[in-house]
Amino acid sequence: MNYEIIKDPKELDKFIEWLPELEENQKFYVSLFARKKWGFTEGLTADKNQLKRFTCNKEDLKAKLRKLEVKLGEYTYKDIKINNNSLGVYITPNPRDMHKAGLKTAKEIISMVADGREIFNPQAIALNQIQVTGVKKYFDIDIDVWSESVTLDYLLDLIKRDEVINLDAIEGNIVQTRGGFHIMVELSKVANAKTWYNNFNKLSCDLFDVTMNGDNMVQLPGCVQSNFTPILL
């Protein structure tokens, strides 16, 4: 048996179609994690254990995810075999600027050489710079839900009632996850540029909590997130 990374191919295809088109010097950044908080692998000590990461374009994303579906038990942490329901796949919806990341990588390596530090893994240095060098098309807002009464319709009604943001900047850009929702604000469509951030930041209550993540990774729809499959709404 193999790990099952892609849970719903049609939902994955839908999200890939939704992703912004890339320019020549851009890629998406993807990571596979084992999460302690889901409780399916005994012995994990850190909440996020990164198992694999890579960059790709839209056309190659599905094939690269398939390559993660290795034999069950090959993903380990300190000799502990990772259970499939401990896995989660994350992607940056904002494209990564590979040219800027390359310049930052070169600067970091030169700095390490000048300081006399050992360079053990230049690939990791490059991937770290790619991860933090994004083109900001979307601003990610993480909604952690504590009550089953908090549905997407409930949130949209609340956002509309309180005039948090114009709905066309978020509709069709929402991912439902195991613990709630990720709302990806399309920055080019925001009408109330001076107020929307604070409006969202004030929404937290006893039913749900709001975290303003910005240029962040989100759960990849159609792929494994423990015993749940995220979807694009």
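Each remark here, short or long, concerns the structure printed above.
These lines cover the structure that appears in this document, whether it is placed above or below. (Residues numbered from 1 in each chain as written. Predicted model: local features only at pLDDT ≥ 70, side-chain atom pairs only at ≥ 80, totals over all residues. Heavy atoms only, no water.)

### Topic: the nonpolar core
- If you look at the biggest cluster of nonpolar residues, it comprises 33 residues, and the most contacted ones within it are Ile5, Leu61, Leu65, Leu87, Val89 and Ile91.
- Those elements that provide at least two residues to this core are helix H1 (9-18), strand E1 (26-35), strand E2 (48-56), helix H2 (58-66) and strand E5 (87-91).
- Among residues more than four places away in sequence, those in contact with Ile91 are Phe15, Leu19, Phe28, Tyr29, Val30, Leu61, Asn216, Met217, Val218 and Leu220. (Core = buried A, V, L, I, M, F, W, Y, C linked by side-chain atoms within 4.5 Å. Buried < 20%, exposed > 50% of the residue type's maximum accessible area, 1.4 Å probe, protein only. Helix = DSSP H or I, 4+ residues; strand = E, 2+ residues; numbered from the N terminus. Contact = heavy atoms within 4.5 Å.)

### Comments concerning the packing of aromatic side chains
- For the coordinates displayed, the defined rule picks out eight aromatic pairs.
- Judged by centre distance (5.1 Å) and plane angle (25°), the rings of Phe15 and Trp18 are stacked. Here Phe15 pairs with Trp18, and both are found in helix H1, just three residues apart, close to one helical turn.
- Classification of Phe15 as buried rests on a relative accessible area of 0%. (Phe/Tyr/Trp six-rings, centres within 6.5 Å; stacked < 30°, edge-to-face > 60°.)

### Some words on the environment of Thr195
- By the element assignment, Thr195 lies in the loop between strand E9 (180-186) and helix H6 (196-201).
- Separated by 3.1 Å, the side chains of Thr195 and Asn192 make a polar contact. (Polar contact = N/O pair within 3.5 Å; in protein donor to acceptor, adjacent residues only side chain to side chain.)

### Comments concerning unusual backbone geometry
- With a phi close to 70°, Asp79 is a non-glycine residue in the positive phi region.
- Here Asp79 is to be found in the loop between strand E3 (76-77) and strand E4 (80-81).
- Residues other than glycine seldom take positive phi values, yet Glu163 does so here, at roughly 50°.
- With respect to the helices, strands and loops of the structure, Glu163 is situated in the loop between helix H5 (152-161) and strand E8 (174-177).

### As for the packing of H1 against H2
- At their nearest, the axes of H1 and H2 sit 9 Å apart, and the two run at 150° to each other. Overall, the two elements H1 and H2 adopt an arrangement that is roughly antiparallel. The two elements H1 and H2 meet at a crossing, and its hand is right-handed. In contact with Pro9, Leu12, Asp13, Ile16 and Glu17 of H1, H2 contributes Lys58, Leu61, Lys62, Leu65 and Arg66.
- Taken together, the residues of the contact of H1 with H2 break down into five nonpolar, no polar and five charged. (Axes fitted to C-alpha atoms, helices over the stretch in contact; angles between N-to-C directions. Parallel < 35°, antiparallel > 145°, perpendicular 65-115°, else oblique. Left-handed = near helix turned anticlockwise from the far one by under 90°. Nonpolar A, V, L, I, M, F, W, Y, C, P; charged D, E, K, R; others polar.)

### Things to note about the side chain of Arg96
- On the secondary structure map, Arg96 appears in strand E6 (residues 96-97).
- Residue classification places Arg96 among the buried positions, given a relative accessible area of 0%.
- Here the side chain of Arg96 touches Gln131 through a polar contact of 2.6 Å, landing on its backbone oxygen.
- Look past the residues within four positions of Arg96 in its chain and what remains in contact with it is Asn25, Gln26, Lys27, Phe28, Tyr29, Ile130, Gln131, Val132, Thr133, Gly134 and Asp215.

### Section: the environment of Thr105
- With respect to the helices and strands, Thr105 occurs in helix H3 (residues 98-114).
- We classify Thr105 as buried; its relative accessible area is 10%.
- With 70 residues separating them along the chain, Thr105 and Val175 place their C-alpha atoms 32 Å apart.
- When near neighbours in sequence (up to four residues on either side) are disregarded, Thr105 contacts Ile125, Ala126 and Gln129.

### A few points about the side chain of Ser226
- Take Ser226: it is sitting in the loop between strand E11 (218-219) and strand E12 (231-232).
- With a relative accessible area of 1%, Ser226 lands in the buried category.
- Residues in contact with Ser226, not counting those within four places in the same chain, are Trp38, Phe40, Asn85, Leu87 and Arg178.

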